[in-house]
Protein chains: 2
Amino acid sequence: MYISKSFIPILKNNPSEAKIKSHQLMLRVGMIKQSSAGIYSWLPLGFKVMKKIEHIVREEQNKIGAQEILMPTIQSSEIWKESGRYEDYGEEMLRIKDRQNREMLYGPTNEELVTDIFRSSVKSYKSLPQLLYHIQWKFRDEIRPRFGIMRCREFYMKDAYSFDINDEEALFSYNKFFLSYLKTFKRLDLIAIPMAADTGPIGGNLSHEFIILAETGESKIFTDKRIFDLDSDGTNLEKDSLNKLRKKYEQFYSVTDEKFDKDEFESKVSEKNRLKTKGYRSWSYFLFR
Amino acid sequence: MYISKSFIPILKNNPSEAKIKSHQLMLRVGMIKQSSAGIYSWLPLGFKVMKKIEHIVREEQNKIGAQEILMPTIQSSEIWKESGRYEDYGEEMLRIKDRQNREMLYGPTNEELVTDIFRSSVKSYKSLPQLLYHIQWKFRDEIRPRFGIMRCREFYMKDAYSFDINDEEALFSYNKFFLSYLKTFKRLDLIAIPMAADTGPIGGNLSHEFIILAETGESKIFTDKRIFDLDSDGTNLEKDSLNKLRKKYEQFYSVTDEKFDKDEFESKVSEKNRLKTKGYRSWSYFLFR
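The following paragraphs examine the structure supplied in this document. Throughout this description, residue numbers start from 1 for each chain and increase along the sequence as written. As they are written, the chains are lettered A onward and the ligands numbered 1 onward, keeping that order. The model is predicted, so local features are restricted to residues of pLDDT at least 70 and side-chain atom pairs to those at 80 or more, both for listing and for counting; the totals for chains, interfaces and linings are taken over all residues.

1. Some thoughts on the overall build of chain A
Stated precisely, the cut-off is as follows: Only DSSP runs of H or I covering at least 4 residues are called helices, and only runs of E covering at least 2 are called strands; the numbering of each starts at the N terminus. Throughout, radius of gyration means the C-alpha value; the globule benchmark is 2.2 Å times the number of residues raised to the power 0.38. Counting other C-beta atoms within 10 Å of its own, a residue is labelled buried from 20 upward, exposed at 12 or fewer, and partly exposed in the gap between, with every C-beta atom placed from the backbone. By the criterion used throughout, residues are in contact when their C-beta atoms, derived from the backbone, lie within 7 Å.
Scanning chain A from N- to C-terminus turns up eight helices and 13 strands. Its C-alpha atoms give chain A a radius of gyration of 21 Å, within 12% of the compact-globule value 19 Å for 289 residues. Taking the principal axes of the C-alpha coordinates as reference, chain A spans close to 55 × 55 × 40 Å. A buried classification covers 35% of the 289 residues belonging to chain A. If you take every contact in chain A between residues at least 6 apart in sequence, the share linking residues at least 24 apart comes to 69%.

Okay, structure coming up:
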C-alpha cells in the first residue's frame, strides 16, 4: 500500500475545536475524525497506532497470567440494580430502552457483568485466583468532552478484574497488575507515576492511579522527584518481589491535588526533591474485599 | 497458562435455550455466556477462536488493498435523517437519547457514517478508489434472537465500503471483495456459495450473498451442484481475471427460496445436478451507483 493511495486526510489548519497539541496533531495528520461530540472514528493511521498500543497492553496482561475475555457493550440494568449502582451512576451512564421496553445501558465499566459471569461459572475455591481482563468500548456521557480521544464519550478501555480466595491473595493479584502497568507504560515510553488514590465512589480498600506527566494535564501533582529514578527491573511474579516493588514506589510522597496536603508535602519531601507538575489520569484500580 | 488454571466453565448438560448443536456446544465448552437475550460474553476459549477468525478476515481484506478504519458504535441520528433511512429502519435500530437529549443510535451498519467521513476528507477524484473496511460491534434489535451468536443482537461484523470513480471501477472493487470472501471462507474451511441476491431495502444495482451450508440453516437453497467444484485458484487482482471468476460462479443456477422459481430451476439445471439444501446467510454486499 503506497502512502499516496492511503486514506490519510491531512488538514492544513488547526481545527478550532482542538485546544491541545495532541488533539490538533491527531486531527491534522488524519489519525482520527470526530463524528459527534466526544465520539471519534479512527482512520487508517490512527487505527494502526491504536492497535499497536492494544497489542502491548495485551502482552503485558497475558504475562501476569490474566486471561482475556470480551464482554458486550450493552448490558442489562438488572445487575446494576442488584449492585446498587444503577441510580448512583448518574447522567454519565447512557441508558437505553430496547424494543421490548427493557432497561439496558451502554457499559461505562464492567464490575457487575464480570461478577455475574464469575458467580455463575466458578463452583470451587480451587478455581481461584482468576484474573480476567477485556479490551472493549465503553461509553460515559461526559458533559464536556475534551482533549480529543483523551476525554471522550465512547472510548476503548482495558479493564481487569481479579477474584481471589483471601486478602493476601487479593493483594498478590493487585500487585501483579501494578507490575503490568509499570511495564506497559515503559514500553510505550510514557512517564507514568503510580499514586495512592482515594477509592472514591467505586469503593474498596486500596487504590492506585497511574498519572502520565503532561503540561496540559488536568491533575496537579505533587511529588518527590526521586520517584522518577525507579523502575520495575528485576521484579518477578512472586509475592515478596512484588511487595518490595510497591514499597519502593510508596516510600516517595506523590499525590494529586485531591490528596495534597501542604504540610505533609513539605515535611516528607526535602526542598530540593519537591516537584509540582501536571498530568493525566490513566489507569486507576481498586482492591475490594 | 495451564488448562486447569484457565477460565473455561464447562456445562454438564445442554442448556434448554440452545436449540442447535453449535449453540449447545459453544455454551457447554465455555466459549460464550449469554448476558441478556441475544447478547453474549466471549470467554477465553471463544475469544481466542473469534480473534483467529478476525485475523483471517483482516488479512484477506488487506490483500485486496482495503484499508482498515474503526468507526464508533454510537452514531448521530442526523446522518441517518439525511440519507432517509432513519425512519425506514424500524424497530431493529436501537435508538438512544444522550444526556443533552440528542438523538443517537447504536449503528446497525455504517453506510451513512463512512460516507460522511469520505465526503469531508476526499477532495479529488485522484484519491479514488478508496476501499475502507472496519470490524466493529453492531446492534440490531432482533425481535427473536436465536442460534446463539449467529442471530444475536450485539454482534461483531466486518463491513467494507468502496468509493469509485465510475461504474467500471466500482465493479472492479466489487469483484475484489468477491475474491476476498471466497478466500476467507476457504481458509475457514467453510463451504460458502455466492448467490445473486435481491438488493432489498438497502437498494443498489447488484448484490451477492454468501450462503454457508448447514442442515439447521434458515434459508432453503436451490443450486446446481457443480458450483461446489469451483474455487478462486489462479485468480489475480485484475479486472479480466476477476470478471472471469464471477462469471464462472454465475454460470450455475444458485438461489435462496426468495428468488426460487421452480420452472427456472428445472430448465436450467439437469436433474442429476439439482441440489436442494439449507444454509445460513453470511456476508451480503451491494453495488450502488
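2. Structural notes on the interface of chain A and chain B
Filter applied, for reference: Here the nonpolar group is Ala, Val, Leu, Ile, Met, Phe, Trp, Tyr, Cys and Pro; Asp, Glu, Lys and Arg are the charged ones; every other residue, Gly included, is treated as polar.
Across the boundary between the two partners, chain A contributes 41 residues, which contact 41 residues of chain B. At the level of elements, strand 1 (32-36), strand 2 (39-42), helix 2 (44-63), strand 3 (67-68), strand 4 (74-76), strand 5 (94-97), helix 5 (111-121) and strand 7 (130-139) of chain A are the ones that each hand at least two residues to the side of chain A that touches chain B. Grouping the constituent residues of the side of chain A that touches chain B by class yields 23 nonpolar, 11 polar and seven charged.

3. Here we look at the relation of the copies chain A and chain B
Short version of the rule: When the copies are overlaid, the least-squares fit takes in C-alpha atoms only where the residue has pLDDT of at least 70 in both copies.
For these two chains of identical sequence, chain A goes onto chain B by a turn of 180 degrees and a shift of 0.0 Å along the axis, with RMSD 0.0 Å. In symmetry terms, the pair is related by a two-fold rotation axis. Ranked by how close their C-alpha atoms come to the rotation axis, the residues of chain A are headed by A:Ile96, at 2.9 Å.

4. Observations regarding the sheet that holds strand 4 (residues 74-76) of chain B
Within a sheet, adjacent strands bond to each other through the backbone by hydrogen bonds, running parallel or antiparallel. Residue and element names in this part refer to chain B. Worth spelling out the cut-off: At least two bridges found by DSSP between two strands is the condition for calling them paired. To get an axis, a line is fitted to the C-alpha atoms, and for a helix only the part in contact is used. The angle between two axes follows their N-to-C directions and goes from 0 to 180 degrees.
Taken together, the three strands give an open sheet; going across it, the order is 4-6-5, and neighbouring strands pair in antiparallel fashion. Of all strands in the sheet, those with a lone pairing partner are strand 4 and strand 5 (94-97), marking the two edges. Strand after strand, the sheet turns through a mean of 35 degrees between neighbouring axes, direction not considered. Note: strand 4 against strand 6 (residues 103-106), three bridges, orientation antiparallel. When the sheet's bridge partners are listed, Ser 76 is paired in strand 6 with Met 104.

5. Considerations on the nonpolar core
Filter applied, for reference: Any set of buried Ala, Val, Leu, Ile, Met, Phe, Trp, Tyr and Cys residues joined through C-beta atoms within 7 Å is what this text calls a nonpolar core.
The biggest cluster of nonpolar side chains holds 114 residues, and the ones touching the most others in it are A:Ile32, A:Leu132, A:Phe178, B:Ile32, B:Leu132 and B:Phe178. In this structure, A:Leu132 is in contact with A:Ala66, A:Gln67, A:Ile69, A:Val114, A:Ala160, A:Tyr161 and B:Phe7, ignoring residues within four places of it in sequence.

6. Looking at the pairing of strand 9 (residues 192-196) of chain A
Residues and elements named next belong to chain A. With four of five residues buried, strand 9 is to be regarded as a mostly interior element. Pairing analysis gives five bridges linking strand 9 to strand 10 (residues 206-213), with the strands arranged antiparallel. What sits directly across from Ile 193, in strand 10, is Ile 211.

7. So, the pairing of strand 6 (residues 103-106) of chain A
Residue and element names in this part refer to chain A. As judged from the four bridges shared by strand 5 and strand 6, these two strands associate in the antiparallel manner. The residue bridging Leu 94 from the neighbouring strand is Tyr 106, located in strand 6. The hairpin formed by strand 5 and strand 6 contains five residues between the paired strands, and Asn 101 there has a positive phi angle of roughly 65 degrees.

8. Things to note about helix 5 of chain A
Where helix 5 of chain A is concerned, the buried positions are A:Glu112, A:Leu113, A:Val114, A:Asp116 and A:Ile117. For helix 5 of chain A, the elements touching its buried residues are strand 4, helix 3 (77-83), strand 7 and strand 8 (154-163) of chain A together with strand 1 (32-36) and strand 2 (39-42) of chain B.

9. Some thoughts on helix 1 (residues 21-28) of chain A
All names here are of chain A. For the record, the criterion: Picture the helix axis, draw a direction to every C-beta atom, and the arc is the one those directions span.
Among all positions of helix 1, only His 23, Met 26 and Leu 27 are buried. One side of helix 1 carries all its buried residues, which in axial view fall inside an arc of 100 degrees. Looking at the buried positions of helix 1, the neighbouring elements they touch are strand 1 and helix 2. Of the residues one or two after helix 1, Gly 30 is the one with positive phi, at around 75 degrees.

10. As for the sheet that holds strand 8 (residues 154-163) of chain B
All names here are of chain B. Taken in spatial order, the three strands line up as 3-7-8 in an open sheet, and their pairing is mixed. In this open sheet, the two strands that pair with only one neighbour each are strand 3 (67-68) and strand 8. Across 10 bridges, the pairing between strand 7 (residues 130-139) and strand 8 is antiparallel. Considered in strand 8, the bridge of His 134 is made with Asp 159. Of the strands in this sheet, strand 3, strand 7 and strand 8 touch helix 2 (residues 44-63), which is tilted by about 160 degrees from strand 7.

11. Considering the environment of A:Gly65
In this structure, A:Gly65 sits in the loop between helix 2 and strand 3. Given 17 C-beta atoms within a 10 Å radius, A:Gly65 is considered partly exposed.

12. Let's talk about the environment of A:Thr73
Within the secondary structure, A:Thr73 sits in the loop between strand 3 and strand 4. Separated by 36 residues in the primary sequence, A:Thr73 and A:Thr109 have C-alpha atoms spaced 9.3 Å apart.

13. Remarks on the packing of helix 2 of chain B against helix 6 (residues 167-187) of chain B
Residues and elements named next belong to chain B. Note the cut-off: Roughly parallel here means an angle under 35 degrees, roughly antiparallel means over 145, roughly perpendicular means 65 to 115, and every remaining angle is called oblique. Helix crossings are classified by the rotation of the near helix relative to the far one: an anticlockwise turn of less than a right angle makes the crossing left-handed, while a clockwise turn makes it right-handed.
Following both chains from N to C, one finds helix 2 and helix 6 inclined at 150 degrees, their axes separated by 9 Å at the closest point. When the interaxial angle is binned, helix 2 and helix 6 end up roughly antiparallel. Viewed along their axes, helix 2 and helix 6 form a crossing whose handedness is right-handed. When helix 2 is examined against helix 6, the residues Ile 56, Val 57, Glu 60, Gln 61 and Lys 63 are found in contact with a partner set consisting of Ser 180, Lys 183, Thr 184 and Arg 187. Here the contact of helix 2 with helix 6 is built from residues that sort into two nonpolar, three polar and four charged.

14. Let's talk about unusual backbone geometry
Peptide bonds are trans in most cases, and residues, glycine excluded, mostly fall at negative phi. Residues A:Leu128 and A:Pro129 are joined by a peptide bond in cis, for which omega reads -5 degrees. Here A:Pro129 lies in the loop between helix 5 and strand 7. Positioned with a positive phi, A:Asp189 is a non-glycine residue whose angle comes to about 60 degrees. Here A:Asp189 lies in the loop between helix 6 (167-187) and strand 9. Take A:Asp189: there are 6 C-beta atoms within 10 Å of it, and that puts it in the exposed class. In the Ramachandran plot, B:Phe147 falls in the positive-phi region, its phi being about 60 degrees despite a non-glycine side chain. Mapped onto the elements of the fold, B:Phe147 is located in the loop between strand 7 and strand 8. Its 18 C-beta neighbours within 10 Å are what place B:Phe147 among the partly exposed residues.

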